[in-house]
Amino acid sequence: MTTTDAQTQIEETVKANDVVLFMKGTKTMPQCGFSSRVAGVLNYMGVEYADVNVLSDDGIRQGIKDYSDWPTIPQLYVKGEFVGGCDIITEMTLSGELDQLFEQNGVTFDKDAADKIRQANG
Ligand SMILES: N[C@@H](CCC(=O)N[C@@H](CS)C(=O)NCC(=O)O)C(=O)O
Ligand code: FES
């Protein structure tokens, strides 16, 4: 895929889906611990999201880094905006900021599950 095609495809994907996780592997079969961690949080919280496996396309793997100006995978997007990678999403989950972000953007999730993550990691 050309650089331009990759940027176009990324933009279309993050505009068409409220929540998108660019990751290594898939939401049901992650292939890296960092991706697994973020997918695990979203899965546990019952968030509906699109997963994009960067391992199946080198153009997207590089393109997503250019798109966000962020050097690593995973990358979470909400309503077209880059939110963060594994460290940031973990912090935001524990602080409650991720709940707030989802609430502000009308993204449905299981609040009890989010509270359980915090209780287990408090
Ligand atoms: N500290 C990072 C961890 C993620 C990370 O280091 N990812 C590496 C290894 S999976 C990466 O994407 N390297 C570039 C690549 O593999 O294309 C985070 O918070 O997301
Ligand atoms: S694939 Fe090795 S750390 Fe992610």
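Since the model is a prediction, treat every value here as computed from it, not as a measurement.

**Focus: the site of ligand 1**
Point 1. By nearness alone, every residue bordering ligand 1 is listed as Lys 24, Cys 32, Phe 34, Arg 61, Lys 65, Thr 72, Ile 73, Pro 74, Gly 85, Cys 86 and Asp 87.
Point 2. One of the backbone nitrogen or oxygen atoms of Ile 73 is found 2.8 Å away from an oxygen atom of ligand 1.
Point 3. Between ligand 1 and the protein, one listed contact pairs an oxygen atom with a backbone N or O atom of Asp 87 at 2.8 Å.
Point 4. Surface burial for ligand 1 is 75%, taken as the share of its 500 Å² of free accessible area covered by protein chains.
Point 5. Every element with two or more residues in the shell around ligand 1 is listed here: helix 3 (58-68) and helix 4 (86-95).
Point 6. The residue makeup of the shell around ligand 1, split by class, is five nonpolar, two polar and four charged.

**A few points about the environment of Ser 95**
Point 1. By the secondary structure assignment, Ser 95 is in helix 4.
Point 2. In this structure Ser 95 comes out as partly exposed when scored by relative accessible area, which is 45%.
Point 3. For the pair Ser 95 and Gly 122, spaced 27 residues apart in sequence, the C-alpha to C-alpha distance is 9.8 Å.
Point 4. A polar contact of 2.8 Å, which involves the side chain of Ser 95, links it to the side chain of Glu 97.

**Details of the pairing of strand 3 (residues 75-78)**
Point 1. Burial of the side chains of strand 3 extends over both faces: Gln 75 and Tyr 77 are buried on one face and Leu 76 and Val 78 on the other.
Point 2. Of the pairings in the sheet, the one linking strand 1 (residues 19-23) to strand 3 comprises four bridges and is antiparallel in character. Directly across from Phe 22, in strand 3, lies its bridge partner Gln 75.
Point 3. Examined bridge by bridge, strand 3 and strand 4 (residues 81-84) share three bridges and lie antiparallel to one another.

**Concerning the UniProt feature "binding site: [2Fe-2S] cluster" (unreviewed entry) in the chain**
Point 1. Under the UniProt annotation, the feature "binding site: [2Fe-2S] cluster" (unreviewed entry) is placed at Cys 32.
Point 2. Secondary-structure assignment places Cys 32 in the loop between strand 1 and helix 2 (33-44).
Point 3. Here Cys 32 falls in the partly exposed class, since its relative accessible area comes to 22%.

**Details of the packing of helix 1 (residues 3-16) against helix 3**
Point 1. Packing of helix 1 against helix 3 brings their axes to within 9 Å, and their N-to-C directions diverge by 70 degrees. Between helix 1 and helix 3, the crossing angle belongs to the class labelled roughly perpendicular. Across from Ala 6, Gln 7, Gln 9, Ile 10, Glu 11 and Val 14 in helix 1, the residues of helix 3 making contact are Gly 59, Ile 60, Gly 63, Ile 64, Asp 66 and Tyr 67.
Point 2. In terms of residue class, the contact of helix 1 with helix 3 is made up of six nonpolar, four polar and two charged.

Cut-offs and rules
- Residues numbered from 1 in each chain as written.
- Chains lettered and ligands numbered in written order.
- Predicted model: local features only at pLDDT ≥ 70, side-chain atom pairs only at ≥ 80, totals over all residues.
- Heavy atoms only, no water.
- Near = heavy atom within 4 Å.
- Polar contact = N/O pair within 3.5 Å; in protein donor to acceptor, adjacent residues only side chain to side chain.
- Areas by Shrake-Rupley, 256 points an atom, 1.4 Å probe, with all protein chains shown as cover.
- Helix = DSSP H or I, 4+ residues; strand = E, 2+ residues; numbered from the N terminus.
- Nonpolar A, V, L, I, M, F, W, Y, C, P; charged D, E, K, R; others polar.
- Buried < 20%, exposed > 50% of the residue type's maximum accessible area, 1.4 Å probe, protein only.
- Pairing = 2+ DSSP bridges.
- UniProt positions renumbered as here; feature names shortened; annotations may be inferred.
- Axes fitted to C-alpha atoms, helices over the stretch in contact; angles between N-to-C directions.
- Parallel < 35°, antiparallel > 145°, perpendicular 65-115°, else oblique.
- Contact = heavy atoms within 4.5 Å.

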